[in-house]
Amino acid sequence: MSADRLHASVLILPNPQSSTPEHLAEIPRVRDNITFAIDISTDILTLYTGSASRGDDISGLLYVPRVAETVRCPDLSQIPSNVTHKDDLPNANYALIGFAPWISGGCSQLFLKAVSTDTSIVRAFIFFTPEADISIPPRSHSAWSGVSFKNLDFPVYAIQGLDGVRLMGKVAEYSGNMSDAWEAHNLTSYYNATDYARVFMEIDTGN
């Protein structure tokens, strides 16, 4: 289903190895005044609707599937080395949203293939165009060719490079320890320093 708006913020996740049962039961959201919020409401292209319906709530933790540089993916420089991958998330059954640059059809196919083992918890995939200052091409443009979305249950969206690069930066900033995160001094004053601070995405598909 098409998306009207994307909202990214930070979700604090309890650390299963250092939390009490009471703390594990809590998943507090960070207050807007001590962290970031990114809203995207223009240049959102629906590449594939999947099984989502209008009005379905779609949300999950953003992560970048691991794909190696190959002939099909010759340049992954837009993915920071410290970006959030699946193994940077708590070992729990959280809903996920894949995120990656659209370098080529062949490379994008590898990103989608990389989430195949996570399909039960992947709720959507968001690509962004490598060109930061160019309007996103329409669905009929040849830039989106070379990918088979067949057999995917989740929707696939694309956003403009300017928004994607900014968002990718946040997915990298919130990938390590709480003490290393942006605004760490504020986060640790409210939350356990061993908790996880990760980027959380909400996709508004309308009513």
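Residues numbered from 1 in each chain as written. Predicted model: local features only at pLDDT ≥ 70, side-chain atom pairs only at ≥ 80, totals over all residues. Heavy atoms only, no water.

The chain is annotated in an unreviewed UniProt entry as Nucleolar protein 58 of Discina gigas.

**With respect to the state of the cysteines**
One pass over the structure, following the stated rule, counts one disulfide. What pairs with Cys-73 in a disulfide is Cys-107, and their sulfur atoms sit 2.0 Å apart. The sign of the S-S torsion, about 115 degrees, decides the handedness of the disulfide formed by Cys-73 and Cys-107: right-handed. Taken together, the residues Cys-73 in the loop between strand E4 (58-63) and strand E5 (96-101) and Cys-107 in helix H2 (residues 105-114) connect sequence positions 34 residues apart. (Disulfide = S-S within 2.5 Å. Helix = DSSP H or I, 4+ residues; strand = E, 2+ residues; numbered from the N terminus.)

**Some remarks on the packing of aromatic side chains**
For the structure on display, the rule yields six aromatic pairs. Centre to centre, the rings of Trp-102 and Phe-127 are 4.9 Å apart; their planes meet at 80 degrees, and the pair counts as edge-to-face. In this pair, Trp-102 sits in the loop between E5 and H2 while Phe-127 sits in strand E6 (residues 122-128), placing the two residues 25 residues apart along the sequence. When its relative accessible area of 4% is taken as the criterion, Trp-102 is described as buried. (Phe/Tyr/Trp six-rings, centres within 6.5 Å; stacked < 30°, edge-to-face > 60°. Buried < 20%, exposed > 50% of the residue type's maximum accessible area, 1.4 Å probe, protein only.)

**Things to note about the sheet that holds strand E3 (residues 44-48)**
The strand order across the open sheet built from eight strands is E2-E1-E8-E4-E5-E6-E7-E3, with neighbouring strands paired in mixed fashion. Either end of the sheet is taken by a strand with one partner, and the two such strands are strand E2 (38-40) and E3. Strand-to-strand twist in this sheet, taken as the mean axis angle between neighbours without regard to direction, amounts to 30 degrees. In terms of strand pairing, E4 meets E5 through three bridges, oriented parallel. (Pairing = 2+ DSSP bridges. Axes fitted to C-alpha atoms, helices over the stretch in contact; angles between N-to-C directions.)

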